[in-house]
Amino acid sequence: MTPILPDFLGETARRIALKPYPNARQFVVQHLYPDTLRLLLLLHRFVPIECVIGIGYSGNPSVVASLENEGIRVVTPSYDDLAGTVVEELGDVLERCRRDGLELVLHEVGGYSIKALHESHVEHIDLVVGAIEVTKQGVWVAESLPELHIPQLNCAQTRLKQVEGKMVGEAVVAAFDTIARELGIALTGRRALLLGYGWVGKGAAEALRLRGVEVTVGDVDPVKVVNAVVDGFQVSRTTSGVGAPAFVFGMSGFQSVDADCLAVIPDNSFLISGASKNHEIDLGALAACTRGTARVHQHVVAHELNDGRRLFLVNDGYPVNFTGSSVPDEIVEFLFSELIMLVPELLDRRPAPGIYPLSDEMEAVAAELWLDLR
Ligand SMILES: NC(=O)c1ccc[n+]([C@@H]2O[C@H](COP(=O)([O-])OP(=O)(O)OC[C@H]3O[C@@H](n4cnc5c(N)ncnc54)[C@H](O)[C@@H]3O)[C@@H](O)[C@H]2O)c1
């Protein structure tokens, strides 16, 4: 059957005349979705993949099977084992690269392998040309290292990523709306507290407003709070005194729904992450004040608190949009076009250690290509 989507990724490789790099290998930490499969299969033809570590909470067995059919090693640790598995597998790949005289590219989501390289395999840093990274979370990891010894090229600090952020926010709200409907709950006319008014949070706030939800925004950055005021939202300067939200969305990439916040969230509220990993909500603090739990939906657990309140935790604190279809593939693929462009930027240009977003000129190529094919 003719594919429904245009071949954005193949066309990207053609337009930039991507060539094979026989002396380089990839170590990959990625989500395992159909769109990432297309990306990995394409890149594998140019920079062979030694190992893919699947990010556990987004794994898809058919994607694993397709990668293994190509002879690619795939490991799918639980989220708790992810960091340790990356250390171990990266060590093995570095040993093989040393033995075979190859150099290595880290290709990842979330900065796991750049951290593992600097903290556990520093003796092999000379083998690593650099990292290509998709997320801000991964850029924040690189920024947090005491000294960055390799270049990290990213498509996380680009204008197209900001465009994608709006769609992520909408996907978060759509995913939660589906769950709420399955529970018989209408969003309209209810209140939400939304913590983190960045690229994703702003998209979610707009999507909630379109569904008739009265949104109050909180952010640690006062400029973002001013932005929310100007965009017409209620704002909260602290996490207490927020009225009576029925839904609390953490969209910051850090721990925004913390113990102080949990202490004042009204009875019967839902706790929802729209960021990444499971650190947006202080799950330890929630567990410490919980006297019993009951599953009320495939993706929702009711927490009966010691003080008598009941809070509903969505998707165990992981992003709600990982429960079903999220951002449409054709949106994600303009970012993957950018990621493909980072490969020659890294392997041909050999930048010095540092953090570099894709250039505006290259980003324009990705945007034109997307408009041409769509
Ligand atoms: N769920 C998904 O599919 C998905 C997709 C893309 C990005 N993300 C994640 O979403 C998160 C946000 O991304 P973004 O592009 O909007 O980032 P951003 O930097 O644009 O926005 C984050 C905002 O949160 C604020 N913030 C930081 N700590 C806070 C706290 N403790 N309380 C309240 N606000 C706080 C910051 O000031 C900033 O305004 C990141 O973790 C990113 O990796 C998730």
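Here the structure is a predicted model, which is why all the values come from computation and not from measurement. (Residues numbered from 1 in each chain as written. Predicted model: local features only at pLDDT ≥ 70, side-chain atom pairs only at ≥ 80, totals over all residues. Heavy atoms only, no water.)

Caption draft 1: Inspection of unusual backbone geometry at higher detail. The phi torsion at Ala-17 lies on the positive side, around 50°, for a residue other than glycine. Within the secondary structure layout, Ala-17 lies in the loop between α1 (8-15) and β1 (24-30). (Helix = DSSP H or I, 4+ residues; strand = E, 2+ residues; numbered from the N terminus.)

Caption draft 2: The site of the ligand, seen in detail. Taken together, 25 residues form the shell around the ligand, and within it Lys-136, Gln-137, Asp-219, Ala-275 and Asn-321 come nearest. Within the side chain of Gln-137, a nitrogen or oxygen atom sits 2.6 Å from an oxygen atom of the ligand. Surface burial for the ligand is 87%, taken as the share of its 880 Å² of free accessible area covered by protein chains. Every element with two or more residues in the shell around the ligand is listed here: α6 (136-144) and α8 (199-210). When residues of the shell around the ligand are assigned to their parent elements, the largest contribution, three residues, is made by α6. For the shell around the ligand, a count of residues per class yields eleven nonpolar, ten polar and four charged. (Near = heavy atom within 4 Å. Polar contact = N/O pair within 3.5 Å; in protein donor to acceptor, adjacent residues only side chain to side chain. Areas by Shrake-Rupley, 256 points an atom, 1.4 Å probe, with all protein chains shown as cover. Nonpolar A, V, L, I, M, F, W, Y, C, P; charged D, E, K, R; others polar.)

Caption draft 3: Layout of the packing of aromatic side chains. The full count for this structure, using the stated rule, is ten aromatic pairs. Aromatic pair Phe-176 and Phe-249: ring centres 5.8 Å apart, planes at 90°, arrangement edge-to-face. One end of the pair, Phe-176, is in helix α7 (residues 159-182); the other, Phe-249, is in strand β10 (residues 247-250), and 73 residues separate them in sequence. Relative accessible area serves as the criterion here: at 0%, Phe-176 is assigned to the buried category. Residue classification places Phe-249 among the buried positions, given a relative accessible area of 0%. With a centroid separation of 5.4 Å and 85° between ring planes, the pair formed by Phe-334 and Trp-370 is classed as edge-to-face. A residue pair is termed long-range when its members are at least 10 positions apart, and Phe-334 in helix α12 (residues 329-347) and Trp-370 in helix α13 (residues 360-373) qualify at 36 residues. (Phe/Tyr/Trp six-rings, centres within 6.5 Å; stacked < 30°, edge-to-face > 60°. Buried < 20%, exposed > 50% of the residue type's maximum accessible area, 1.4 Å probe, protein only.)

Caption draft 4: The arrangement of the pattern of salt bridges in detail. For the structure on display, the rule yields 25 salt bridges. The closest approach of N and O atoms between Arg-98 and Asp-126, which form a salt bridge, is 2.9 Å. Highlighted residues: Arg-98 in helix α4 (residues 82-100) and Asp-126 in the loop between α5 (112-120) and β5 (128-133), separated in sequence by 28 residues. Taking the relative accessible area as the measure of exposure, Asp-126 reaches 56% and is therefore exposed. Where Asp-316 meets Arg-295, a salt bridge forms, and the shortest distance between an N and an O atom there is 4.0 Å. (Salt bridge = Lys/Arg side-chain N within 4 Å of Asp/Glu carboxyl O.)

Caption draft 5: Quick peek at the sheet that holds strand β8 (residues 214-218). Pairing is mixed across the open sheet formed by eight strands, whose spatial order is β9-β8-β7-β10-β11-β14-β13-β12. Every other strand in the sheet has two partners, leaving β9 (234-235) and β12 (290-297) as the edge strands with one partner each. Bridging between strand β7 (residues 191-195) and β10 involves four bridges; their strand directions are parallel. The partner of Leu-194 across the bridge, within β10, is Phe-249. Here α7 sits on the sheet and contacts β10, β11 (270-273), β12, β13 (300-305) and β14 (310-314); the angle it forms with β10, its principal contact strand, is near 150°. (Pairing = 2+ DSSP bridges. Contact = heavy atoms within 4.5 Å. Axes fitted to C-alpha atoms, helices over the stretch in contact; angles between N-to-C directions.)

Caption draft 6: Geometry of the pairing of β10. Side-chain alternation along β10 places Phe-247 and Phe-249 on one buried face and Val-248 and Gly-250 on a second face that is also buried. Two strands pair when backbone bridges link them, and β10 and β11 are joined in this way by four bridges, in the parallel orientation. From the neighbouring strand, Phe-249 faces β11, where its bridge partner is Ile-272. Taken together, β10, helix α10 (residues 259-264) and β11 constitute a β-α-β crossover, and its handedness is right-handed. (Right-handed = clockwise from strand over helix to strand, strands pointing away.)

Caption draft 7: Geometry of the sheet that holds strand β3 (residues 73-75). In space, the seven strands of this open sheet follow the order β3-β2-β1-β4-β5-β6-β15, with parallel pairing throughout. The open sheet has two edge strands with one neighbour each: β3 and β15 (354-357). Going from strand to strand, the sheet's axes swing by 20° on average, the running direction of each strand aside. As paired strands, β1 and strand β4 (residues 103-108) are joined by six bridges and run parallel to one another. Considered in β4, the bridge of Ala-24 is made with Glu-103. Lying over the sheet, helix α2 (residues 34-44) contacts β1, β2 (49-54) and β4, oriented at roughly 170° with respect to β1.

Caption draft 8: Structural context of the domain arrangement of the chain. Domain parsing of the chain yields domain 1 (8-154 + 328-373) and domain 2 (164-323). Summarising the inter-unit geometry, the C-alpha centres of domain 1 and domain 2 are found 31 Å apart. Taken residue by residue, the interface counts 14 residues in domain 1 and twelve residues in domain 2. Here domain 1 and domain 2 share zero salt bridges between them. Inspection of the region where domain 1 meets domain 2 yields two residue pairs in polar contact (both at pLDDT 80 or more). (Domains from an automatic or database assignment.)

Caption draft 9: Quick peek at a nonpolar patch on the surface. A contiguous nonpolar patch, built from Val-226, Val-229 and Val-230 and spanning about 290 Å² of accessible area, is present on the exposed surface. If you trace the backbone, Val-229 turns up in helix α9 (residues 222-230). Taking the relative accessible area as the measure of exposure, Val-229 reaches 47% and is therefore partly exposed. (Patch = residues over 30% accessible without salt bridge, like charges linked within 9 Å, V, L, I, M, F, W, Y side chains within 5 Å.)

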